[in-house]
Amino acid sequence: LNERATWIRKDYGYLLQIKQEKTDKHVSVPVVDKKVVAIIDEYEANLPAINPSELRTYIKNILRKLSQTVPSLAEEVPTYLTMRERKAEAKGQQAYGIDENGNRTKYRWQCVGTHTARRSGLTSLKKSGLNDAELMSISGHSSVKDLKLYLRLNNNDRDNAADKIADKLMKK
């Protein structure tokens, strides 16, 4: 991470405290996965720094390889091109697809990055039962409205939430 992050050893693993760059908010994230805790221990909580651009490249390379065995990663999906991508395409250095509606397309693996991990992590935590206030304490969002933009819940997730509410009401 960076100089804005502090690792605190706890009985359950680690507490990662971060001062966010964008908002200067302090957030705390528990780290409980035994494999992750073992890696942090191995580095004595001094994890090597990584350039964000390099990290995105690693993520894309891993997912490109995974797309050979995970069909959904090889699907072409509509997307917006970055200015850099538009310039490369205009120079003939890169080509992207176009769908039946005229939208630019990329392979799904090309659309995944660190921000995707943030969204997926928050969605998984929501599905596991964390409430909005708990999610906001981890994500640093200042409003439920902004948090909801990150969550990717489907009708089945909403039905499960309704079932949980009904179970709580029945216990009263």
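Coordinates for the structure precede this section.
Just so it is clear, the structure is predicted and the values come from calculations on it, not from any experiment.

### What about the pattern of salt bridges?
The full count for this structure, using the stated rule, is six salt bridges. The shortest N-O distance in the salt bridge between Arg9 and Asp41 comes to 3.2 Å. Placement of Arg9 in strand β1 (residues 5-10) and of Asp41 in helix α1 (residues 34-42) is noted, with a sequence separation of 32 residues between them. Across the pair Lys106 and Glu85 runs a salt bridge, and its minimum N-O distance is 2.6 Å. Separated by 21 residues along the polypeptide, Lys106 in strand β6 (residues 104-107) and Glu85 in helix α3 (residues 83-90) bring together distant segments of the chain. It is possible to trace a salt-bridge network through shared partners that takes in Lys126, Asp132 and Lys148.

### Some details on the environment of Lys22
Its location among the elements puts Lys22 in the loop between β2 (13-19) and β3 (26-31). For the pair Lys22 and Gly140, spaced 118 residues apart in sequence, the C-alpha to C-alpha distance is 9.9 Å.

### Describing the packing of aromatic side chains
Across all of its chains, the model carries one aromatic pair by this definition. Pairing Trp7 with Tyr14 gives two aromatic rings, centres 5.9 Å apart and planes at 85°, and the pair type is edge-to-face. The lysine or arginine in question, Arg9, covers the ring of Tyr14, its NZ or CZ lying 4.8 Å from the ring centre.

### Examining the environment of Arg104
Secondary-structure assignment places Arg104 in strand β6. By relative accessible area, Arg104 is classed as partly exposed at 23%. Between the C-alpha atom of Arg104 and that of Leu81, which follows or precedes it by 23 residues, the distance is 7.2 Å. Not counting chain neighbours up to four residues away, the residues in contact with Arg104 comprise Val77, Pro78, Thr79, Leu81, Glu89, Tyr96, Gly97 and Ile98. Polar side-chain contacts of Arg104 include one of 3.3 Å to the backbone oxygen of Tyr96.

### Here we look at a nonpolar patch on the surface
Residues Ile50, Leu55, Tyr58, Ile62, Leu66 and Val70 make up a contiguous nonpolar surface patch of roughly 480 Å² in combined accessible area. By the element assignment, Ile50 lies in the loop between α1 and α2 (52-66). Classification of Ile50 by relative accessible area gives partly exposed; the value is 41%.

### Structural notes on the side chain of Ser139
Within the fold, Ser139 resides in helix α5 (residues 132-139). A relative accessible area of 2% places Ser139 in the buried class. Each residue touching Ser139, except ones within four places of it in the same chain, is listed here: Gln20, Val27, Arg118, Leu122 and Leu147.

The rules behind these values
- Residues numbered from 1 in each chain as written.
- Predicted model: local features only at pLDDT ≥ 70, side-chain atom pairs only at ≥ 80, totals over all residues.
- Heavy atoms only, no water.
- Salt bridge = Lys/Arg side-chain N within 4 Å of Asp/Glu carboxyl O.
- Helix = DSSP H or I, 4+ residues; strand = E, 2+ residues; numbered from the N terminus.
- Phe/Tyr/Trp six-rings, centres within 6.5 Å; stacked < 30°, edge-to-face > 60°.
- Lys NZ or Arg CZ within 6 Å of the ring centre and 35° of its normal.
- Buried < 20%, exposed > 50% of the residue type's maximum accessible area, 1.4 Å probe, protein only.
- Contact = heavy atoms within 4.5 Å.
- Polar contact = N/O pair within 3.5 Å; in protein donor to acceptor, adjacent residues only side chain to side chain.
- Patch = residues over 30% accessible without salt bridge, like charges linked within 9 Å, V, L, I, M, F, W, Y side chains within 5 Å.
- Areas by Shrake-Rupley, 256 points an atom, 1.4 Å probe, with all protein chains shown as cover.

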